[in-house]
Amino acid sequence: IVLVTGVQTCALPICQRCSAITGGDTSPIPPPEFHVFDALSGTAPPEEACRANGVLSSLVLEHLPLDVFFSSAKKLLAKEGGYLLITNMHEEMGRRGQAGFVDVESGEKVRGVSFVYSIEQVVDEGRKWGFEVVGEVGERAVREGDLEVLGERGAKWMGCKVWFGGVFRFVGRSEERRVGKECME
């Protein structure tokens, strides 16, 4: 499994937990590996990162054009039948605000480029690249009970859809079925 995340510090604990899952198979599961890949650079992903059976993408879509995202996911998957799990900021939240962070040295608020996509846009672009939705794409709004965990700052998001997520399977298209070229395209 290749993990693509906008929050790198969360990646290792997630993969460590996932590597303990056997699914009935008692053969040892190799430890997770991490590889750097800049999807915007136009270069191919590292060879070691390709041929994954699954790709997990959390909070990445808002940072990439959709065609770049799905092209990259396709390159990382081993073959047709591979899975792509996507979670991202919901468009309703994205239209109300933008994520950022405070630079610790300057104290300045930094805001990067952020794209806001509807679920329909994501699903439609995925289809263009040979991905189909498995089940349904879920979405989540902040509810009153969530404020116990989110704190006071979460109150501004009450009733707002803030998250969506779904599983996609790469089914390919006939013109995309070129063996051994997943990482080179």
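Our subject is the structure that appears above.
All figures in this text were calculated on a predicted structure; none of them were measured in a lab.

Student: Quick question: what am I supposed to make of the overall build of the protein here?
Tutor: Along the backbone of the protein there are 5 helices and 7 strands. Its helices and strands in sequence order give the protein the pattern β-α-β-α-β-α-β-β-α-β-α-β, from N to C terminus. The buried share of the protein, reckoned over its 185 residues, is 31%. With the model as given, the accessible surface of the protein reaches about 11,600 Å², and the carbon-plus-sulfur share is 55%.

Student: Explain the side chain of histidine 90 to me, please; I cannot follow it from the model alone.
Tutor: By secondary structure assignment, the location of histidine 90 is in the loop between strand S3 (83-89) and helix H3 (91-94). Note on histidine 90: relative accessible area 6%, which makes it buried. Filtering out sequence-adjacent residues up to four positions away, histidine 90 remains in contact with Ile119, Glu139, Lys161, Val162, Trp163 and Phe164.

Student: Looking at this structure, I do not really get the pattern of salt bridges. What am I missing?
Tutor: Should the charged atoms of two oppositely charged side chains come close, the side chains can pair. If you walk through the whole model with that rule in mind, you get 7 salt bridges. As a salt-bridge pair, glutamate 47 and arginine 51 come within 2.5 Å of each other at their nearest N and O atoms. The partly exposed category is assigned to glutamate 47, whose relative accessible area is 42%. The residue aspartate 124 makes a salt bridge to arginine 127 at a minimum N-O spacing of 3.2 Å. Placement of the pair is aspartate 124 and arginine 127 together in helix H4 (residues 119-128), with a separation of 3 residues, close to one helical turn. A relative accessible area of 34% means that aspartate 124 is categorised as partly exposed.

Student: Could you clarify how one ought to interpret the environment of phenylalanine 115 in this entry?
Tutor: Tracing the sequence through the fold places phenylalanine 115 in the loop between strand S5 (109-110) and H4. With 17 residues separating them along the chain, phenylalanine 115 and glutamine 98 place their C-alpha atoms 9.5 Å apart. Ignoring anything within four residues of it in the chain, the contact list for phenylalanine 115 reads Leu61, Glu62, His63, Leu64, Pro65 and Met89.

Student: Would you mind going over helix H2 (residues 66-76) with me for this structure?
Tutor: Each full turn of the α-helix corresponds to 3.6 residues, which orients residues three or four apart in the same direction. Judged by how many residues are buried, H2 sits mostly within the fold: 9 of 11 residues are covered. Burial in H2 covers these residues: Leu66, Phe69, Phe70, Ser71, Ser72, Ala73, Lys74, Lys75 and Leu76.

Student: In this structure, what is going on with the packing of H2 against H4? I would like to understand it.
Tutor: If you want to describe how two helices pack, look at the angle between their axes and the distance between the axes. As a packed pair, H2 and H4 sit with axes 10 Å apart at the nearest point and diverge in direction by 50°. Classified by the angle their axes make, H2 and H4 are oblique. Helix-helix and strand crossings are classified by hand; for H2 and H4 the assignment is right-handed. Here H2 contributes Leu66, Asp67 and Phe70 to the contact with H4, which in turn contributes Gln121, Val122, Glu125 and Gly126. Class assignment of the residues belonging to the contact of H2 with H4 gives a composition of 3 nonpolar, 2 polar and 2 charged.

Procedures and definitions
- Residues numbered from 1 in each chain as written.
- Predicted model: local features only at pLDDT ≥ 70, side-chain atom pairs only at ≥ 80, totals over all residues.
- Heavy atoms only, no water.
- Helix = DSSP H or I, 4+ residues; strand = E, 2+ residues; numbered from the N terminus.
- Buried < 20%, exposed > 50% of the residue type's maximum accessible area, 1.4 Å probe, protein only.
- Areas by Shrake-Rupley, 256 points an atom, 1.4 Å probe, with all protein chains shown as cover.
- Contact = heavy atoms within 4.5 Å.
- Salt bridge = Lys/Arg side-chain N within 4 Å of Asp/Glu carboxyl O.
- Axes fitted to C-alpha atoms, helices over the stretch in contact; angles between N-to-C directions.
- Parallel < 35°, antiparallel > 145°, perpendicular 65-115°, else oblique.
- Left-handed = near helix turned anticlockwise from the far one by under 90°.
- Nonpolar A, V, L, I, M, F, W, Y, C, P; charged D, E, K, R; others polar.

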